[in-house]
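Inside the fold
Listed below are the residues making up each chain.
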Amino acid sequence: MITYIIRRILVSIPLLLGISILSFLIIQLAPGDPTSLFLDPNIKPEDREAFIEAYGLNDPVYIQYFHWLWQILHGNFGQSLIMHGIPVSELILGRLPNTLLLMVSSAVLAFIISIPFGVLSATKPYTLTDYTVTTASFIGVATPSFWIGLVLLMFFAVKFPIFPSGGVATLNAPFSIWDRLHHLILPAFVLAASDMAGLTRYTRSSMLDVLRQDYIRTARAKGFNSRKVVYKHGLRNALIPVVTIVGLIIPSFIGGAVVVENIFGWPGIGNLFLNAAFQRDYPVIMALTMISATLVVIGNLISDILYAIIDPRIEY
Amino acid sequence: MRAFRKWHRIIVFIFIVALVLSGCSQKNATTDTYKQTDETSGNTEKPKDGGNLIIGTSGSPTLFNPYYSEDTASSDIEGMIFNGLVTVDENLNPVGDLAKNWDISDDGLTYTFHLKDNVKWQDGQPFTADDVVFSYSIPMNKDYTGPRASDFEKIKEVKALDEHTVQVTLKQPFAPFLTSTAGYGILPKHLLQDVPIKELDKASFNTKQPIGTGPYKFVEWKDGQYVKLEANKDYYEGRPHIDTVTIKFIPDANAILTQFQAGDIDYMALQSTDLATGEQLVKQGKAKIKTTPSLSYTFIGYNQLNPLFKDKKVRQALTHALDREKIIQAVMNGDGKIANTPGSPLEKWAYNPDVPTFDYDVDKAKKLLAEAGWKDTDGDGILDKKGKKFSFVIKTNQGNKVREQIAQVVQQMWKEVGIEAKPKIQEWSSFIKDVTAPTWNFDACILGWALGVDPDPSDIFSSKEIAQGLNFVHYKNPELDKLMAENTKITDREQRGEMIKEIQAGIAEDQPYTFLYYDNDHIMYNPKLQNVQQHPSIAYYKIKDWWIKQ
């Protein structure tokens, strides 16, 4: 097991390197540069050129890449081109905790809600309950999260002001855990919504599969009550494929965070990423891409390890 | 102060996302009603001190130092923390800010500013002439790395005559000096003199503890969340009424509106596409709206590198073919006013209302095109000349709903006269890269200019600005070039105004652009907020006098 983990970590190094080369090239291909935001006659072309020269943006791409890589290997993400003098690491560290909080809460929320519904659906297949759950999850998959976000805001922040309309905390108020949670609920739910639907479907089909197995019939034949059969024998086995999705959810959460953070004014990395992309703030874009890539790699690793823990048949 | 640096900057609405929800609002809003929803300042209630104001905005600032910031999000906040020597009043005339008054020598070269003597920095130190000399010498220093050097290169020398008198000598007469250069915020010498100019852009002063002379003091900046300011109780014009001002960053334009409706923000800039929604809130007594014509216009620019647009008659015909009033009604709900020149009617002294106009007239458009040799010889409905069709691409930036719709409307209108225009919507940075020097990869583009307080048109229309500057349509008129070079050297306002009017008439005749319309600026705020004042180019105008009714 340990050697497996070490091997996996070693394999991910060339993988991340490849990702960094690809994303560096793609970002450079995008037309425009950071100076396109200051189209202003008071800023003379010479001043713009000086800016571009000062940040080495005129160098050949491979030189820029190696320069960047060298910095990264020394733990230096560089400085933002737009936010003068603020190190990229400081920008990201200020925001990453917010995104992680949002992502973890969404993941927990998604599992708490979707697994029971999936089970419910599977134990009563092709009934009204099943069809309701199925329809609801299709709607969840099909609805873009920016729309769900705005509709929920319209209802639960404007029409019936139960929840705050955005941000991480009430302004001009002292810190309180309840206040933080209160602000977290809506964005976490919206981010969870699209994955919730997928998870429910996964749980349902996996559960349906398991319930047809012989050992379930055996368990029932032994006279266990049906609750115990479903949850003790059925669910544990049905969850194996579901758990592996944890790793696959992370990329969709990172993508979803960009949208959700913008609508809820949530100061996380998704919001930072969008600004950086529009402003061509290369160091910030690269740093965030690499962090997301690392998160995805780690997520996959975790789900493989979980797989081994949950399913005793699997050995590495 | 903000305006001077916002000078001709393109209006960017990067974060506007079109949304289904806006469809909920009623469409047939009239423009008259919201103008009447004000004004409470008619009653003479005594302002009360206290309360917190939360302003919602989509742009995040980058730093708070007027010599280094490039964006309005930063300069709007700088305007509350710092003061310049001179600012402008509601009619865009220069008035003293830190300067009590000033004398200009007869040759227009020497400006002597007499400073107010009761001004203190927010840390209690007295403000003196040395601070002005120090501040102006920053962009004049050879180690300066910011983008504002060219505004100060006209200055020969700045010196303090005594503690409260500063003398600025120019290399040559420069009429916009008072409203452009002398508007820059003054920085505290005692806090920054030890920072090498080379590293000033990275000084922690800019992001962690900016200190100015303004009505509001910096408290903290939470990146991605808010900037908080508190009243400067020792402000030289008296204590501002509102205790704290928090500028909250909400990237999504629809979310700003939602937060306003939820009562989580008290003040926002209202886009014209949201005007109908805003008006409903006004009816429910939940909001007030103020409107002012803005110092900006929207236009279609024709790239004269493309032989299609070389002929003046063709450009005039393109304008004749467009029903601009209908565009304003259909796309903007009537929220705008037709423009015919690059000048703004807000600058009365330099605005020519009497320029050649090319109003909607399809027959005339067809006639002019025929005179220029464009005829539909193959009967496919599109004009042609020497085997070449009159067909081109019209580009604009993504995310600006209004411009995207204009692109489609003008496509229809030009079709009437046999011209084929194909709209192309591009992401902002790549669009700007395509349009500006040295790429110039466009046929026609829809853009807007935010104008400076000084009406000098040469930055955009002088042929000197073709190679690298902002004259990306390659417009050249040698006679007007001469006038444009001359206008900034004339210190007599009336004489200069006449010259600018002549330039405007010449540009209007040549139609390098189809001038579409002047935009309006709207602000929407909580009805509790009193005495709110709006200015065409200064955000949070006279915020010191705003107050909150409890």
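Predicted, not measured: the structure shown is a model, and the values here were computed from it.

Rules and cut-offs
- Residues numbered from 1 in each chain as written.
- Chains lettered and ligands numbered in written order.
- Predicted model: local features only at pLDDT ≥ 70, side-chain atom pairs only at ≥ 80, totals over all residues.
- Helix = DSSP H or I, 4+ residues; strand = E, 2+ residues; numbered from the N terminus.
- Rg over C-alpha atoms; globule rule 2.2 N^0.38 Å.
- Buried ≥ 20, exposed ≤ 12 C-beta atoms within 10 Å, placed from the backbone.
- Contact = placed C-beta atoms within 7 Å.
- Expected span 1.5 Å × (residues − 1).
- Bend = angle between axes of the 7 residues up to and from the residue.
- Arc of directions from axis to C-beta.

Points about the overall build of chain B
Within chain B one finds 17 helices and 21 strands. Over its C-alpha atoms chain B spans a radius of gyration of 24 Å, differing by no more than 12% from the 24 Å that the globule rule assigns to 550 residues. Here the C-alpha coordinates of chain B stretch approximately 80 × 60 × 40 Å along the principal axes. Looking at the 550 residues of chain B, the share that counts as buried comes to 51%. For chain B, the share of sequence-separated contacts (at least 6 apart) that also reach a separation of at least 24 residues comes to 71%.

Quick look at the overall build of chain A
Scanning chain A from N- to C-terminus turns up 11 helices and 0 strands. When the elements of chain A are put in sequence order from the N terminus, they spell out α-α-α-α-α-α-α-α-α-α-α. For chain A, the spread of C-alpha atoms along the three principal axes comes to 85 × 55 × 35 Å. Classification of the 316 residues of chain A by burial places 38% in the buried group.

Quick notes on helix α6 (residues 145-159) of chain A
All names here are of chain A. In this model, α6 (15 residues) spans 20 Å end to end at C-alpha, consistent with the 21 Å of a helix rising 1.5 Å per residue. Of all the bends in α6, the greatest, near 25°, is centred on L153. Along α6, the residues classified as buried are S145, F146, I148, G149, L150, L153 and A157.

Re the environment of A:I298
In this structure, A:I298 sits in helix α11 (residues 282-310). Residue classification places A:I298 among the partly exposed positions, given that 14 C-beta atoms sit within 10 Å.

Thoughts on helix α5 (residues 128-142) of chain A
The periodicity of an α-helix, 3.6 residues per turn, causes residues three or four places apart in sequence to face the same way. Residues and elements named next belong to chain A. Helix length check: α5, at 15 residues, gives a terminal C-alpha distance of 21 Å against a target of 21 Å (1.5 Å per residue), a fit within 8%. What α5 keeps buried is the set V133, S137 and G140. For α5, the angular spread of buried residues about the axis comes to 55°, placing them on one side. For α5, exposure combined with an orientation more than 90 degrees from the buried face picks out L128, T135, I139 and A142. Where α5 is buried, its residues meet α4 (88-123) and α7 (177-211).

A closer look at unusual backbone geometry
Residue and element names in this part refer to chain B. Residue P438 is bonded to the preceding A437 through a cis peptide linkage, with omega at -5°. Structurally, the position occupied by P438 is in the loop between α14 (428-435) and β18 (444-450). Its identity is not glycine, yet N333 carries a phi of approximately 55°, on the positive side. Look at N333 and you get partly exposed, because 18 C-beta atoms sit within 10 Å. In this structure, N531 is a non-glycine residue whose phi angle is positive, near 60°. Owing to 17 C-beta atoms within 10 Å, N531 belongs among the partly exposed residues under this scheme.

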